[in-house]
Amino acid sequence: MKVDVILGLQWGDEGKGKIVDALAPQYDIIARFQGGPNAGHTIIFNSRKFVLHSVPSGIFRSNILNIIGNGVVLDPFIFFQEIDAIREAGFDPSSNLLISRSAHFIMPSHRLLDAVNEAAMGEKKIGSTLKGIGPCYTDKYKRSGLRVGELEHNGFQTEYESRREIHMKLIAASGVDYRGILLDGLPFDEYEQEWLKAAHKMKQFRIAATEIEINKSMAAGKKVLAEGAQGTLLDVDFGSYPFVTSSNTMTGGVCTGLGVAPSHVGKVFGIFKAYCTRVGNGPFPTELFDDMGELLRKNGNEFGATTGRPRRTGWLDMPALRYSVMLNGVTDLIMTKADVLSGLETIKVCDAYKCADKLYDMPDIPAGCLPDLIIKEMNGWSADITTTTQANQLPPALTEYSRFVEKSAGAHLSYISTGPDREQIIKL
Ligand code: GDP
Ligand code: IMO
Ligand code: MG
């Protein structure tokens, strides 16, 4: 069997959690391959809402094994907040969760460094979620990171302290008084105590060489789904650098983040919202600053699942979407939040960028050009689609919008999501 992939084609928050949860019954294993608690994946079923940050979105299905892969960075404090919420809701994540030995720990001092780095950048700051992602991946690639497998050896505390000491020297050199920085509402020292307790508690979960588990499972005929975090336009190589996250959010990240060979990648489901959002700083060509932008934010409830920040909103950006489809080898598109556009008389889409009278169908515009947008206007629809269950009952204008997008993006549209609940999804 091959590994199928679900990932975001925009700047994150496309509805990955919802879609993974909805498609999960088709799989035996769901595995996160990159990112960490910067992610916030919302899942709604039976009128209950969960926001997952580190735990894969198959956790509410007891017959599915959920794997936190080697490419993920993990903060045990945040991880246990999540685990406690899952347990309180009556689920037992210790029975169906497996964690890679090679996943890296986000240390409390990584979070301080994140805050210090962002403060130092002033106006140019990235708008990080401040979960310590950048500093943790920096240590990973500097070959000085602290990995989950270290828990299995004596001397975890010594290893922890040796890294902490280096981080604290960097923080002292920055001149920022870290005691003024709260981590999830706690002063550093208190957070650190809780973090260390949580790190040791992680031994109650199975820690393993997940790359072997995944490959053996595939060989035995099990179906694996890789769950992306963030989105392609936040990819560290191909996103709007430096306004990106610190991992490869694209299909390529599945290979290195789980230990799966490229020849074992199967379907790639690329999720996009029927419009665009972005949280944090960086370019956003189709951003709306008017009442329409506000309406999309209000109707789409566009507030960050991790930080609560209002999300920037804008029309669908086809050059960016085509680029993401190309980079990921998308075999199947999934459109979410089509219901948010219901009631709009006209829907706009950016079909191309224009710089100095030249049209661009992908974001390869000359450096320094602030492109004009070639906007296509399409008819909207008035019907409420949140209870529609059949593709042939969708409003014709939505079908036309979908056909335009799939033709223009060059990939087949397989599902339309019509609301946040697990059940609100239509297979085309
Ligand atoms: P993720 O990070 O990609 O998992 O997405 P988030 O959970 O951060 O943000 C997506 C938001 O949209 C969440 O509040 C979801 O409950 C919600 N959502 C997902 N799909 C749909 C949909 O089709 N329609 C509507 N109205 N909301 C959706
Ligand atoms: P999910 O998985 C949306 C953004 C941040 C910031 C930039 C870098 O829920 O889609 P970082 O904390 O990684 O240093 O932040 O990336 N960002 C996200 N935006 N959804 C996410 O995850 C994000 N994870 C990071 O806002 O602009
Ligand atoms: Mg999110």
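Above this note sits the structure.
First, a word on what this report is: a plain description of the structure on this page. (Residues numbered from 1 in each chain as written. Chains lettered and ligands numbered in written order. Predicted model: local features only at pLDDT ≥ 70, side-chain atom pairs only at ≥ 80, totals over all residues. Heavy atoms only, no water.)

It is worth spelling out the overall build of the protein chain at this point. Helix and strand counts for the protein chain stand at eleven helices and 22 strands. Whereas a compact globule of 428 residues would reach a radius of gyration of roughly 22 Å, the protein chain reaches 21 Å, a difference of no more than 12%. On the principal axes, the C-alpha backbone points of the protein chain span a range of 65 × 50 × 40 Å. A buried classification covers 57% of the 428 residues belonging to the protein chain. Long-range pairs, those at least 24 residues apart, make up 77% of the contacts in the protein chain with a sequence separation of at least 6. With an accessible surface of roughly 17,900 Å², the protein chain has 51% of that area assigned to carbon and sulfur atoms. Across the protein chain, 46 positive and 50 negative side-chain charges occur, with their mean positions spaced 3 Å apart. (Helix = DSSP H or I, 4+ residues; strand = E, 2+ residues; numbered from the N terminus. Rg over C-alpha atoms; globule rule 2.2 N^0.38 Å. Buried < 20%, exposed > 50% of the residue type's maximum accessible area, 1.4 Å probe, protein only. Contact = heavy atoms within 4.5 Å. Areas by Shrake-Rupley, 256 points an atom, 1.4 Å probe, with all protein chains shown as cover. Lys, Arg positive; Asp, Glu negative; His and termini not counted. Charge placed at Lys NZ, Arg CZ, Asp CG, Glu CD.)

Another aspect to go through is the site of ligand 1. Neighbouring ligand 1 are 20 residues, the closest being K16, G40, T42, D339 and S417. One of the backbone nitrogen or oxygen atoms of G17 is found 2.9 Å away from an oxygen atom of ligand 1. When ligand 1 is considered free in solution it has 580 Å² of accessible area, and contact with the protein chains removes 93% of it. Elements that contribute at least two residues to the shell around ligand 1 include exactly helix 1 (16-23) and strand 3 (41-45). Of the residues that constitute the shell around ligand 1, the class distribution is four nonpolar, nine polar and seven charged. (Near = heavy atom within 4 Å. Polar contact = N/O pair within 3.5 Å; in protein donor to acceptor, adjacent residues only side chain to side chain. Nonpolar A, V, L, I, M, F, W, Y, C, P; charged D, E, K, R; others polar.)

Near ligand 2 there are 21 residues, and of these D13, K16, H41, T129 and T245 occur at the shortest range. T129 places a polar side-chain atom, nitrogen or oxygen, 2.5 Å from an oxygen atom of ligand 2. Between ligand 2 and R309, the relevant distance is 2.9 Å, taken from an oxygen atom to a side-chain nitrogen or oxygen of the residue. Here ligand 2 loses 97% of its free accessible area of 550 Å² to cover by the protein chains. A class-by-class count of the residues in the shell around ligand 2 yields eight nonpolar, ten polar and three charged.

Our focus in this paragraph is the state of the cysteines. This structure, assessed with the given rule, holds one disulfide. The partner cysteine of C355 in its disulfide is C369, sulfur to sulfur 1.8 Å. Note on the C355 and C369 pair: the S-S dihedral is about -90°, so by sign convention the disulfide is left-handed. Taken together, the residues span a long stretch of sequence, with C355 in strand 18 (residues 346-355) and C369 in the loop between strand 19 (358-360) and strand 20 (372-379) at a distance of 14 residues. Taking the relative accessible area as the measure of exposure, C369 reaches 23% and is therefore partly exposed. Lacking any disulfide linkage, C276 is separated from the closest cysteine sulfur, that of C350, by 9.1 Å. When its relative accessible area of 2% is taken as the criterion, C276 is described as buried. (Disulfide = S-S within 2.5 Å.)

Next up on the list: the sheet that holds strand 22 (residues 425-427). Reading across from one edge, 11-7-5-2-12-1-13-17-21-22 is the order of the ten strands in this open sheet, with mixed pairing throughout. In the strand order of this sheet, the two ends are held by strand 11 (206-208) and strand 22, each with one partner. Averaged over all neighbouring strand pairs, the angle between strand axes comes to 25°, with direction disregarded. Pairing analysis gives five bridges linking strand 13 (residues 265-273) to strand 17 (residues 332-336), with the strands arranged parallel. Looking at strand 17, one finds that F269 is bridged to D332. (Pairing = 2+ DSSP bridges. Axes fitted to C-alpha atoms, helices over the stretch in contact; angles between N-to-C directions.)

The next point concerns helix 9 (residues 291-299). Turning to helix 9, its buried residues are G293, L296 and R297. Buried residues of helix 9 fall within an arc of 100° about the axis and therefore sit on the same side. In this structure, helix 9 carries D291 and K298 as exposed residues pointing more than 90 degrees from its buried face. Those residues of helix 9 that are buried are in contact with strand 15 (312-314). Regarding helix 9, its N-cap is D290, as a side-chain oxygen of that residue lies 3.2 Å from the backbone nitrogen of M292 further along. (Arc of directions from axis to C-beta.)

With distances of 2.0 to 2.2 Å, the protein atoms coordinating the magnesium ion (ligand 3) are D13 (OD) and G40 (O). Taken together, the positions of D13 in the loop between strand 1 (3-8) and helix 1 and G40 in the loop between strand 2 (29-32) and strand 3 put the pair 27 residues apart, joining distant regions of the chain. By relative accessible area, which is 21% here, D13 ends up partly exposed. G40 gets classed as buried once you look at its relative accessible area, which sits at 11%. (Donors = N, O, S within 2.8 Å, 3.2 Å for Na, K, Ca; no water.)

Bringing the side chain of H53 into the picture now. Along the chain, H53 falls in the loop between strand 4 (48-52) and strand 5 (65-68). Discounting chain neighbours no more than four positions away, the residues touching H53 are R32, G36, P37, A39, G40, I78, E82, A305 and T306.

Right, let's talk about the side chain of T251 for a bit. Here T251 is to be found in helix 8 (residues 251-258). Since its relative accessible area comes to 10%, T251 is described here as buried. At 2.8 Å, the side chain of T251 and the backbone oxygen of N328 are in polar contact. Discounting residues that sit within four places of it in the chain, T251 has contacts with V5, L7, V265, V268 and N328.

Its volume calculated, the largest pocket comes out at about 830 Å³. Lining the largest pocket are 44 residues, and of these I126, S128, T129, V244 and T245 lie nearest its centre. Those elements that provide at least two residues to the lining of the largest pocket are helix 3 (108-121), helix 4 (133-141) and helix 5 (156-174). (1 Å grid on protein atoms, 1.4 Å probe; cavity = no way out; pocket = protein on both sides within 12 Å on 5 of 7 lines; lining within 4 Å. Points joined across faces, edges and corners; volume = space filled by probe spheres on them.)

Turning our attention to the environment of L7. For L7, the position within the fold is in strand 1. For the pair L7 and A226, spaced 219 residues apart in sequence, the C-alpha separation works out to 8.2 Å. L7 has contacts with K16, G228, T232, T249, M250, T251, F269, G270, I271 and N328, leaving out every residue within four places of it along the chain.

Now for helix 1. Burial analysis of helix 1 places eight of its eight residues in the buried class, the great majority of the element. Taken residue by residue, helix 1 has K16, G17, K18, I19, V20, D21, A22 and L23 as its buried positions.

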